Amino acid sequence: MIPLERYVASLMPLLRNVSPYKGIPHTRPFDPEEFIKSLDFSGPQLTTGIRGDWIGLYRRFFRCANFEGWYNTRIQEVNRKLQLLHLEALSNADLQSWARGRQEVEVVDLILKIKEKMKLAVKYQLPVSNDINEMLLTQMDSVIEALPDDLKAVLNNN
């Protein structure tokens, strides 16, 4: 399973691709043939010393229900990690500087998206630290303060 775990980890976008000003990046799709090709240089035969039909074993595994369950669980874990990384990137971003010179609709859209992401984090029980939550709330408050009074009222009641 180690080569399969390593391959699935390689499908995850790089940390530098997680931007607070863009949506959450997606994992690359699983490609069984790409994985099979990777077995030559990172297969189990390199670490176990056991010889066998590893390619045939993995091909059979890909066709069984256990693979689908395992893969779905792993992708959910990766997506949860990406959501956490995106929230962290948002909490560390200078949203006040970003908001300067932006149209109000863009700023309001960002605030609503952050609020939605925070609600989803609670709903799906993502382990968001209190520090990140506090930083996000502080960021949003500072951006909202720079908006006209009518928008402040709408966003603070939302």
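Described below are features of the structure shown in this document.

Considerations on unusual backbone geometry
Across residues other than glycine, the phi torsion is negative in most instances, and most of the peptide bonds are trans. In this model, Gln 125 sits at a positive phi of 55 degrees, which is unusual for a non-glycine residue. Along the chain, Gln 125 falls in the loop between α7 (104-123) and α8 (130-145).

What about the packing of aromatic side chains?
For the structure shown, the criterion picks out 13 aromatic pairs. Both rings, one in Phe 35 and one in Phe 62, keep their centres 5.7 Å apart while their planes meet at 70 degrees; by these two values the pair is edge-to-face. Of this pair, Phe 35 sits in helix α2 (residues 32-42) while Phe 62 sits in helix α4 (residues 54-63), placing them 27 residues apart in sequence. Neither Phe 35 nor Phe 62 differs from the other in exposure class; each is buried. Taking the centre distance of 5.8 Å and the plane angle of 20 degrees together, the rings of Phe 67 and Tyr 71 count as stacked.

A few points about the pattern of salt bridges
Summed over the entire model, instances satisfying the criterion amount to eight salt bridges. When the shortest N-O distance is used, the salt bridge between Glu 34 and Arg 28 registers 3.5 Å. By relative accessible area, which is 36% here, Arg 28 ends up partly exposed. Beyond isolated ion pairs, a larger network of salt bridges with shared partners links Glu 5, Arg 74 and Glu 77.

Details of the nonpolar core
In terms of nonpolar packing, the biggest core is built from 24 residues, with Ile 114, Val 128 and Leu 136 touching the most fellow members. Put simply, the parts of the chain that give this core at least two residues each are α5 (65-92), α6 (95-99), α7, α8 and α9 (149-157). Of the residues forming this core, the biggest block, seven residues, is contributed by α7. Contact partners of Leu 136, with chain neighbours within four places excluded, come to Leu 87, Leu 90, Ser 91, Ile 114 and Met 118.

Quick word on the packing of α4 against α5
Packing of α4 against α5 brings their axes to within 4 Å, and their N-to-C directions diverge by 80 degrees. As the angle between them shows, α4 and α5 are arranged roughly perpendicular. Where α4 abuts α5, its residues Phe 61, Phe 62 and Arg 63 lie against Ala 65, Asn 66, Phe 67 and Trp 70. Of the residues in the contact of α4 with α5, the class split is five nonpolar, one polar and one charged.

Thoughts on the packing of α7 against α8
Two packed helices can be described by the angle between their axes and the distance between those axes. It is at 11 Å that the axes of α7 and α8 come closest, and there the two elements cross at 160 degrees. Comparing their axes, α8 and α7 come out roughly antiparallel. Where α7 crosses over α8, the two elements pack in a sense that is left-handed. Only Asn 133, Leu 136, Leu 137, Met 140, Val 143 and Ile 144 of α8 make contact with α7, whose side of the interface consists of Val 107, Ile 111, Ile 114, Lys 115 and Met 118.

Concerning helix α1 (residues 2-10)
Since the α-helix advances by 3.6 residues per turn, residues separated by three or four positions end up pointing in the same direction. Residues of α1 that are buried: Pro 3, Leu 4, Tyr 7 and Val 8. Buried residues of α1, seen end-on, are gathered within an arc of 135 degrees and therefore sit on one face of the element.

Parameters and conventions
Residues numbered from 1 in each chain as written. Predicted model: local features only at pLDDT ≥ 70, side-chain atom pairs only at ≥ 80, totals over all residues. Heavy atoms only, no water. Helix = DSSP H or I, 4+ residues; strand = E, 2+ residues; numbered from the N terminus. Phe/Tyr/Trp six-rings, centres within 6.5 Å; stacked < 30°, edge-to-face > 60°. Buried < 20%, exposed > 50% of the residue type's maximum accessible area, 1.4 Å probe, protein only. Salt bridge = Lys/Arg side-chain N within 4 Å of Asp/Glu carboxyl O. Core = buried A, V, L, I, M, F, W, Y, C linked by side-chain atoms within 4.5 Å. Contact = heavy atoms within 4.5 Å. Axes fitted to C-alpha atoms, helices over the stretch in contact; angles between N-to-C directions. Parallel < 35°, antiparallel > 145°, perpendicular 65-115°, else oblique. Nonpolar A, V, L, I, M, F, W, Y, C, P; charged D, E, K, R; others polar. Left-handed = near helix turned anticlockwise from the far one by under 90°. Arc of directions from axis to C-beta.

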